[in-house]
Amino acid sequence: MDKLTTMKTFLAVVQEGSFSKAADKLDISPQLVSKYISALEDNLHTRLLHRTTRKVSVTEAGNQYYQRCQQVLVDIEDMENSLNNLSENVSGVLSISAPMSFGTKHLAGLLVDFQKQYPNLKLDLRLTDQYVDIVEQGIDIALRIGVLKNSTLIAKKIAPIHLAVFASPDYLKHHGTPQTLLDLQSHNYLRYSLSEPTKCLFGVNELKSELKLESNFVANNGDLLLNTAIAGSGIAMQPTFIAGEALAQGKVVRILQDYEPDPMGLYMVYANRQFLPSKVRAFVDFASDFYGDTPYWDLGE
């Protein structure tokens, strides 16, 4: 039997002076009130109330228990109010992990607007292109890009991520513009070392032989590969959130668009939907529609 319920019932009986009035106050039957009191006394092995046909009085032990019960229930109410206030007034420190290039290019606006709405919340942003175990490292939310694997974590998509193949106008003028995937094999490919997005190109799986691309430049940063492509060193494949501005300005030219893979996603990943801390819930709700179905970095092309 629920101990808090029996404690509240006991307090009501003492305060009202009868089982029937306590029942009316609690909106339960007098029989149930009697059952709760009997169970409480049996559990404590102590008589708490003197019962007569005309009134109910408190024993010495009952009076001590009454005083302690009052304090316990007040403490519980204070704790619940404190937690409710914490939920309503978002505060504390929110730790966020995000990819390096996306974070430096596109997170500032989101985070500044978010803090304007929640000025009592501090942000701890950690930028890395390495996989982060958010549970082990105690991180509240991670932003991740790609096709996510099955996980016990909760993932919410907040934007599409498009990949583009591109090169500078000068490079294409001197080396020609590839028209098919196999044409890529005669060009210098600027390779991203942390993954190989060309494996996702439409039609790669249908090739009779493996797509083998020559690379004289490998880096673990997409911005550097974009700048290397702008300088005319070769062909690169990077997300449009990195290359979008350069494409819009004509610094690089988008090629092989018929072979581009389906969009990936930008996801917010967090540990548990149940009993979600108010600071995490606030960020999830705020960020969900910030970028939209067509992010601003894809509007300039």
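Computed from a prediction, not measured in an experiment: that's the story for all the values here. (Residues numbered from 1 in each chain as written. Predicted model: local features only at pLDDT ≥ 70, side-chain atom pairs only at ≥ 80, totals over all residues. Heavy atoms only, no water.)

## Looking at the packing of helix α6 (residues 108-117) against helix α11 (residues 278-287)
Inclusion rule: For every element, the axis is a line fit to its C-alpha atoms; helices are fit only across the contacting stretch, and the angle between N-to-C directions ranges from 0 to 180 degrees. Helix and strand assignments follow DSSP, with helices taken as H or I runs no shorter than four residues and strands as E runs no shorter than two, numbered in order from the N terminus. When describing relative orientation, an angle under 35 degrees is termed roughly parallel and one over 145 degrees roughly antiparallel, while 65 to 115 degrees is termed roughly perpendicular and anything else oblique. Left-handed is the label given to a crossing in which the near helix is rotated counterclockwise from the far helix by less than a right angle, and right-handed is the label when the rotation is clockwise. Contacts are residue-level and defined by heavy atoms, with any inter-residue pair within 4.5 Å sufficient. Under the grouping applied here, Gly and all other residues not named as nonpolar or charged are polar, the nonpolar ones being Ala, Val, Leu, Ile, Met, Phe, Trp, Tyr, Cys and Pro and the charged ones Asp, Glu, Lys and Arg.
At their nearest, the axes of α6 and α11 sit 11 Å apart, and the two run at 125° to each other. Here α6 lies oblique to α11, going by the angle between them. In this structure, the crossing between α6 and α11 has a hand that is right-handed. For the pair formed by α6 and α11, the contact residues are L110, L111, D113, F114 and Q117 on the first element and K279, A282, F283, F286 and A287 on the second. Taken together, the residues of the contact of α6 with α11 sort by class into 7 nonpolar, 1 polar and 2 charged.

## Regarding the sheet that holds strand β5 (residues 141-146)
Strands pair in a sheet through their backbones, by hydrogen bonds, and they do so in one of two ways: parallel or antiparallel. Filter applied, for reference: Here, strands pair whenever DSSP counts at least two bridges between them.
The strand order β4-β3-β5-β12-β6 describes an open sheet built from 5 strands, whose pairing is mixed. Every interior strand has two partners, whereas the edge strands, β4 (121-127) and β6 (154-161), have only one. When the angles between neighbouring strand axes are averaged without regard to direction, this sheet yields 20°. Relative to β5, strand β3 (residues 92-98) runs parallel, the two being bridged by 2 bridges. By the bridge assignment for β5, S97 is matched with A142. Across the sheet, α6 lies against β3 and β4, angled at about 165° from β4, the strand it touches most.

## Quick notes on the sheet that holds strand β11 (residues 253-255)
Taken in spatial order, the 5 strands line up as β9-β8-β10-β7-β11 in an open sheet, and their pairing is mixed. Every other strand in the sheet has two partners, leaving β9 (214-219) and β11 as the edge strands with one partner each. The average angle at which neighbouring strand axes cross in this sheet is 40°, direction not considered. Summarising the sheet, strand β8 (residues 188-192) and strand β10 (residues 235-239) pair through 2 bridges and their orientation is parallel. Paired with L190 across the two strands is A236, which belongs to β10. Across the sheet, helix α9 (residues 222-230) touches β7 (163-167), β8, β9 and β10, and the angle it forms with β8 is around 165°.

## Some details on the pairing of β10
On any regular strand, side chains alternate: one points to one face of the sheet, the next to the other face. How we decide: To sort residues, take the accessible area from a 1.4 Å probe on protein chains only and compare it with the maximum for the residue type: under 20% means buried, over 50% means exposed, and anything in between is partly exposed.
Along β10, 5 of the 5 residues are buried, which leaves the element largely enclosed by surrounding structure. Bridge count for β7 against β10 is 4 bridges, and the pairing is antiparallel. Within β10, the position partnered with V165 by the bridge is M237.

## With respect to the packing of aromatic side chains
To be explicit about the condition: Only rings of Phe, Tyr and Trp enter the pairing, Trp through its six-membered ring, and a pair is recorded when the two centres are within 6.5 Å. The plane angle decides the type: under 30 degrees is stacked, over 60 is edge-to-face, the rest tilted.
Across all of its chains, the model carries 12 aromatic pairs by this definition. Measuring from centroid to centroid gives 5.4 Å for F10 and Y65, while their planes differ by 65°, and the two rings are edge-to-face. Linking F10 in helix α1 (residues 3-16) with Y65 in helix α4 (residues 60-88), this pair joins segments that are 55 residues apart in sequence. Like Y65, F10 is buried. Here the aromatic residues F102, F114, Y118, F241, F283, F286, F290, Y291, Y296 and W297 are joined through ring pairs into a cluster of three or more.

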